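Observations on the model geometry
Okay, here's what each chain looks like letter by letter:
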Amino acid sequence: MAKIFFVGLDGAEKSYRLQTHRPFTLGRDPGNDIILRDPKVSRHHAEIVFERGFFVLHDLASANGTYVNGKRVRVAPLTHGARLRMGNTYGRFSEELPTEADGALLAASEPYDQPVPPTEDLSSLVEPYREPFRDPHLEPIVDEVPLDLQPTGAIERIDLQTVPHDKLDPADVKKK
């Protein structure tokens, strides 16, 4: 379970539990998920998104910047213990190991992780296509041997080469 802790200008620490299925917005505006009451924080300052197995902090073109571990960033993955700063507000990212209770809660909230029940047997639909299609008007290039099993020398090779325009014979160039 991931949490983010912020110490406000009044010195009070607040913690927020981050969820993987939706982004979290941070800023001064009351419509944000995490409201930072700091005049140096932009109304829509940053966003935390779960991407490719990691929580990632995105600065939303804030006026005073977003800092992770003392470096100004536009986009930064959050690792356990990362120190955050937005304006004069300081924070910390924590990624704790899930407990058994968290695991049960997670299993109940994510039904798509359950195995897919078996479906009907579809082999009868595939069976007519197992034999290769043979057009009686065409002769096979190599009789009865699939291409992937033929020796390399048995497959016809085409010699492709590029020629600079100045070396082309005018007779070879077709005019439209």
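Up top is the structure.
Note that the structure is predicted; figures quoted are calculated from it, not measured.

Counting its regular elements, the protein chain contains two helices and 11 strands. Ordered by position from the N terminus, the helices and strands of the protein chain form the series β-β-β-β-β-β-β-β-β-β-β-α-α. Residue burial in the protein chain is summarised as follows: out of 176 residues, 24% are buried. A separation of at least 24 residues holds for 31% of the contacts in the protein chain among residues at least 6 apart in sequence. Split by element, the accessible area of the protein chain, about 14,200 Å² in all, is 55% carbon and sulfur.

With that settled, consider the sheet that holds strand 2 (residues 13-18). If you walk across this open sheet you meet the six strands as 2-1-11-10-7-8, and the pairing is antiparallel. Each end of this open sheet is capped by a strand with a single partner; those strands are strand 2 and strand 8 (71-73). Sheet twist, expressed as the mean angle between neighbouring strand axes with direction ignored, is 30°. As defined by bridge partners, strand 10 (residues 83-86) adjoins strand 11 (residues 89-95) across four bridges and the pair is classed as antiparallel.

Bringing the sheet that holds strand 3 (residues 24-27) into the picture now. Read across the sheet, five strands follow the order 4-3-5-6-9 without closing on themselves; strand pairing throughout is mixed. Among the strands making up the open sheet, the edge pair consists of strand 4 (34-35) and strand 9 (75-77). Looking at chain direction, strand 3 and strand 4 are connected through two bridges and run parallel. Bridge pairing in strand 4 links glycine 27 to isoleucine 35.

Analysis parameters
Residues numbered from 1 in each chain as written. Predicted model: local features only at pLDDT ≥ 70, side-chain atom pairs only at ≥ 80, totals over all residues. Heavy atoms only, no water. Helix = DSSP H or I, 4+ residues; strand = E, 2+ residues; numbered from the N terminus. Buried < 20%, exposed > 50% of the residue type's maximum accessible area, 1.4 Å probe, protein only. Contact = heavy atoms within 4.5 Å. Areas by Shrake-Rupley, 256 points an atom, 1.4 Å probe, with all protein chains shown as cover. Pairing = 2+ DSSP bridges. Axes fitted to C-alpha atoms, helices over the stretch in contact; angles between N-to-C directions.

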